[in-house]
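Architecture at a glance
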Amino acid sequence: MKKLLTLVILFTSTIASAGTLVINSNQSGEDAKAAFDQYVADFSAAHPEVTVVVNEFEHEAYKVAIRNFLTSEVPDVAIWFAGNRMKYFVDQGLFADVSDVWSEYGLNDSMASSKGSLTVDGKQYGVPWGYYQWGMYYRKDIFDELGINTPRDFDELKWVCAMLKKNNYAPIAIGTKFLWTAAGWFDYLNLRINGYQFHMDLTAGKVSYEDPRLDDVFDKWAELVNGGCFLEDHASYSWQDAQSTMINGESAMYLLGNFITGNFKAAEMLDKVDYFQFPKIYDGVGMAEDAPTDTMHIPAGAKNIEDAKKFLGFMSNPEAASKWAKSRSFLSPNANAEPPSDRFQKMGFKVLNEASGIAQFFDRDANPDMAKTAMEGFQEFMVKPDREAKIRARLERERERIHGSL
Amino acid sequence: MSFWERNQLKLAPFIFLTPAVSLFLLFVIYPIIDSIWVSFHDWSGVARYALNEDGTYKNFKWVGLKNYIDLFTYDDEFYVSLLNNLKWFVFSLLAIPLGLLLALFLNQNIFGMRYIKSFFYFPFVINAVVIGVIFSWFYNPKYGSLAYLLNIFGLDPIPVLSDEVLATYGIIAASFFPGIAYTMILYITGLTSVSKEMVEAGRIDGASGLTMLWHIIIPQLRPATLIAVVVTIVGALRSFDLIAVMTLGGPWGSTKVLAYKMYEEALFNFRMGYGAAIAVILFLLMSIYIAWFLYRLFKQEKGEK
C-alpha cells in the first residue's frame with residue numbers, strides 16, 4: 001500500500017509548476033515527519049515567496065525510489081546520507097555541486113566538522129542536517145543491582161559479560177536479521193584495534209579482508225561470541241525485537257545509534273538506561289566513532305535550483321537547524337545551534353567532539369554490494385565464528401571484484 | 001464491393017487482436033528481450049542513456065558474457081539459490097496430496113459444511129506478506145507459539161528462521177498454508193464432477209477405501225491435479241514474497257532463491273546487468289519446464305483423440 005502511495009505521490013509531484021520547490025523526503029513516521037514539517041514551516045516563514053511541496057516516502061522504500069526519481073521525476077531537493085552513499089550518486093553525475101551554498105551561507109565555518117563527509121574532490125555535494133552517535137546503551141539498574149561498573153577496556157567488557165551471564169542475563173542485545181547491527185560491532189572493534197585510517201582504507205576497498213591486521217579483530221569478536229556475550233538466536237530478530245529483550249530486562253547492553261533512546265522514552269524507562277562510549281581496546285589507538293550523517297542534496301536535474309539552494313542554506317539558521325535535529329534525537333551539525341539539553345545527546349556531543357575520527361557506518365562507508373556481502377559475513381561469523389577463514393576469503397573475493405586486486 | 005467489404009472477414013480477426021498483441025509485445029516480449037540485452041552489460045540501474053563526450057554510453061557498458069561467467073564461477077550464492085529453488089520445487093509438491101486429503105475430508109454432506117470449507121479456503125485469500133509476518137511470529141524463538149509448544153514438551157526453542165539448514169524448509173512450510181488451501185479447492189470442485197456411476201460400479205466390483213481412491217477417484221481428478229501441479233511449481237519457482245518478509249534471504253543468504261537474488265542484486269547492490277543475467281537464467285529454467293509441460297499436454301491430448 002505504501003509503495004502504491006509513493007507511486008501516486010511520485011506521479012502527482014510532477015504537476016507542481018516552476019516557482020515551487022519540490023522536496024523528496026524520507027522523513028516518514030510520526031516524529032520524523034513532524035520534525036521535518038517544522039523545518040519546512042520555519043523555512044516558509046523566512047521565505048514566503050517559495051511554495052514548498054514535500055513528497056514523503058517510507059524510509060526503506062525511499063532507498064529504492066531515489067534511483068528512479070533522480071533520473072526521471074527529479075525533485076529540487078532530496079534527502080539522503082553522507083559518505084559513500086552520497087559519493088555513489090556524485091560519481092554518476094546525479095547530485096549537483098553546492099560548494100557555493102557552503103561559502104555563501106558560512107557553512108564552511110559553522111559545519112566544518114561534517115564538511116569532509118560531504119566533499120568529493122574538493123567540492124561539496126550536499127548539506128548535512130543531523131548526525132547521531134553510536135555507543136553502548138545499558139540498563140543502569142541492572143548494573144547497579146549487580147554492582148558492576150561500566151567497562152573501561154576490552155578485558156573489563158568481557159568481565160562484565162561474564163558477570164551478567166552468571167546472573168542469567170543475556171549480556172548484549174543484538175538482532176542481526178537486517179544485518180547492519182552486526183556491522184556496528186565490526187566497525188567498533190576495527191576502529192579500536194586498528195584505528196580510524198585503517199578502517200577507512202578497508203571500507204574504501206584499499207585493504208584486503210584477509211590482511212593479518214584484521215586477525216585480532218575477528219579473534220576479539222570470537223572471544224565475545226564464544227563467551228556467550230550476545231543474545232542467542234540473534235539472526236532471528238530485528239533490532240527492535242532485540243531491543244524488547246532489553247526493555248523487558250532480559251538483556252543489559254546494546255551497541256546502537258542514539259535513535260534507540262526514542263524507543264526507551266516511549267517505553268517510559270529512560271531513567272533506567274544510560275550510555276557509555278565503546279571502551280578502548282589498546283592504548284595509543286585514538287577513540288574514533290561511528291556517527292552517521294543525514295543530508296540534503298540538490299539533484300543535477302533539479303528545475304528550481306535557486307530556491308533549492310535557499311532551502312539548503314537555511315541550515316545555517318541555528319534555531320531551525322537545532323529544532324529539527326533535536327526532535328529526532330540527532331545532533332545538529334551546525335556549530336552555532338543550541339547545544340543539546342537531552343542527557344544522551346549531550347554525551348554524544350562530547351564523545352564526538354573528542355573523537356579522533358568520525359566514520360559514517362560500515363554500510364555508508366563501503367560500496368553497496370561490498371557492504372551487503374560483508375554484513376552477511378559478519379552475521380554468519382557471529383553465529384559460526386569457526387568459519388572465519390571461509391568468510392574472510394569470500395569477503396576478499398568480493399572486494400577484489402569491486403575494487404580490483406591490490 | 002469496396003476493399004473493406006471484400007476483406008472484412010479476413011481482416012477482422014487481426015483488428016481485434018491488435019490491442020492485445022501490442023500490449024503483449026510491449027509489456028511481455030519487449031521486457032524479456034531488453035532484459036537479455038541488459039544482461040550483457042555492466043549497468044548500475046541509473047541513467048542508462050547518459051552519454052560521454054565521445055557519444056558512448058556513460059553508465060551502460062558492454063561486458064559480453066562477464067555477468068554469466070561471474071555468476072557461474074564466482075558466486076557461491078548463485079548455487080545456494082539454485083539449490084533452494086530445487087528444494088522449493090520438490091517440497092512444494094507436498095501441498096498437492098495434503099490438499100487432496102483435506103478435500104476428501106471436507107467432501108461430506110454435513111450441515112454447515114460449506115462454511116467450514118470456506119474457513120479452510122481462507123488462507124488463500126490472505127496476502128502472502130501477512131502470512132509471512134504471522135509465520136515469523138510463530139517461529140520467533142523467544143515469543144513465538146512454536147517455542148511455547150516445544151516448551152510444553154520440555155524442548156528447547158528451535159530458531160527455525162535463523163538456522164541455515166531449517167530456514168528454507170520453514171518458509172516452504174509457511175507457503176503450504178495458502179498452497180494447501182488452493183489445491184484443496186481445486187480438488188473439492190474436481191470431486192463434485194466424479195462420476196457416481198463409476199463409483200457404484202467400483203463398489204460392485206468390490207473396491208473400497210484406498211483401492212477405490214487410487215483406481216477410481218484419482219484418475220478422474222486428473223484435470224485438477226494437472227492444474228495443481230502447474231500452479232504449485234510455477235509458484236515455487238517464483239517464490240519471493242515469503243522470503244522477503246520472513247528472512248530477507250538470511251541467515252547469511254542461505255534462504256535466497258533466484259528471484260530474490262535477482263531483486264537484491266539489481267535493486268540493492270546496484271548491479272542491474274548482473275540481476276538481469278539471473279533473470280535470464282530463471283527465465284530459461286521456467287521455459288524448459290513450461291516446454292516440457294506443453295509437450296506432455298499435447299501428447300496426452302493426441303492420445304485421447
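Counting restarts for each chain: residues are numbered from 1 in the order of the written sequence. Lettering for chains starts from A, numbering for ligands starts from 1, and both go in the order in which the items are written. Restriction of local features to residues with pLDDT of at least 70 applies here, the model being predicted, together with a cutoff of 80 or more for giving and counting side-chain atom pairs; totals for whole chains, interfaces and linings are based on all residues. With hydrogens and water stripped out, all remaining heavy atoms of the structure feed into the side-chain values.

Moving on: the domain arrangement of chain A. All names here are of chain A. An automatic or database domain assignment supplies the start and end points of every domain. The domain boundaries assigned to chain A delineate domain 1 (2-130 + 292-346) and domain 2 (134-290 + 367-403). Spacing between the C-alpha centres of domain 1 and domain 2 amounts to 30 Å. Contact criterion: two residues are considered in contact whenever any of their non-hydrogen atoms come within 4.5 Å of each other. In this complex, domain 1 contributes six residues to the contact, which on the side of domain 2 involves 13 residues. When two parts are brought into contact, each loses some accessible area as probed by a 1.4 Å sphere; the total of that loss over both is the buried area. Roughly 770 Å² is buried in total at the junction of domain 1 and domain 2, and carbon and sulfur atoms are behind 56% of that figure. Area buried by domain 1 at its contact with domain 2 is led by Ser329, Arg343 and Phe344, which between them contribute 63% of it. Considering every element that reaches the side of domain 1 that touches domain 2, the biggest residue donor is helix α16 (residues 343-354), with three residues. Here the residues of the side of domain 1 that touches domain 2 sort into two nonpolar, three polar and one charged. Each helix is a run of H or I in the DSSP string that is no shorter than four residues. Each strand is a run of E no shorter than two, and both are numbered from the N terminus. Put simply, Ala, Val, Leu, Ile, Met, Phe, Trp, Tyr, Cys and Pro go in the nonpolar bin, Asp, Glu, Lys and Arg in the charged bin, and everything else, Gly too, in the polar bin.

With that settled, the discussion passes to the pattern of salt bridges. When a carboxyl oxygen of Asp or Glu is within 4 Å of a side-chain nitrogen of Lys or Arg, the pair counts as a salt bridge. Enumeration over the complete set of coordinates arrives at 41 salt bridges over all chains. Between Arg401 of chain A and Asp369 of chain A there is a salt bridge, and its shortest N-O distance comes to 3.1 Å. Taken together, the residues span a long stretch of sequence, with Arg401 of chain A in helix α19 (residues 388-403) and Asp369 of chain A in helix α18 (residues 368-383) at a distance of 32 residues. For Asp369 of chain A, a relative accessible area of 7% translates into the label buried. In this structure, Arg271 of chain B and Glu265 of chain B form a salt bridge, with 3.4 Å as the shortest nitrogen-oxygen distance. What makes Glu265 of chain B buried here is its relative accessible area of 5%. Bridged by salt links that share partners, the residues Lys372 and Glu376 of chain A together with Asp75, Glu77, Lys256, Lys261, Glu264, Glu265 and Arg271 of chain B form one connected network. Each residue gets one of three labels from its accessible area relative to the maximum for its type: buried under 20%, exposed over 50%, partly exposed in between, using a 1.4 Å probe on protein chains only.

Taken together, the contacts link 33 residues of chain B with 30 residues of chain A. Between chain B and chain A, the buried area comes to about 2900 Å², and carbon and sulfur atoms account for 53% of it. If you sort the residues of chain B by the area they bury against chain A, Tyr74, Trp252 and Phe270 of chain B come out on top, with a joint share of 26%. Definition of a polar contact: a pair of N or O atoms within 3.5 Å, with one able to donate and the other able to accept a hydrogen when the atoms are protein atoms, and with sequence-neighbouring residues admitted only if both atoms are side-chain atoms. Remark: the boundary between chain B and chain A carries 14 residue pairs in polar contact (both at pLDDT 80 or more). At the level of secondary structure, the elements contributing two or more residues to the side of chain B that touches chain A comprise α2 (66-73), α3 (76-92), α12 (241-246) and α13 (258-268) of chain B. Element by element, the count of residues in the side of chain B that touches chain A is highest for α13 of chain B, at four residues.

In this section: the sheet that holds strand β10 (residues 273-276) of chain A. Residues and elements named next belong to chain A. As summarised here, the arrangement of the four strands in space is β8-β9-β7-β10, forming an open sheet in which the pairing is mixed. Strands at the two margins of the open sheet, each flanked by one partner only, are β8 (170-173) and β10. Strand after strand, the sheet turns through a mean of 25° between neighbouring axes, direction not considered. Bridge count for strand β7 (residues 134-139) against β10 is four bridges, and the pairing is antiparallel. When the sheet's bridge partners are listed, Tyr138 is paired in β10 with Asp274. Here α16 sits on the sheet in contact with β7 and β10, set at roughly 5° to β10. Strands are labelled as partners when DSSP assigns at least two bridges between them. To get an axis, a line is fitted to the C-alpha atoms, and for a helix only the part in contact is used. The angle between two axes follows their N-to-C directions and goes from 0 to 180 degrees.

What follows is about the packing of helix α5 (residues 113-125) of chain B against helix α8 (residues 166-192) of chain B. All names here are of chain B. At their nearest, the axes of α5 and α8 sit 6 Å apart, and the two run at 130° to each other. Classified by the angle their axes make, α5 and α8 are oblique. Crossing of α5 over α8 shows left-handed handedness. Taking contact as the criterion, the partners of Lys117, Phe120, Tyr121, Pro123 and Phe124 in α5 are, on α8, Phe177, Pro178, Ala181, Tyr182, Met184, Ile185 and Ile188. When describing relative orientation, an angle under 35 degrees is termed roughly parallel and one over 145 degrees roughly antiparallel, while 65 to 115 degrees is termed roughly perpendicular and anything else oblique. The hand of a helix crossing depends on one turn: near helix anticlockwise from the far one by less than a right angle means left-handed, and clockwise means right-handed.

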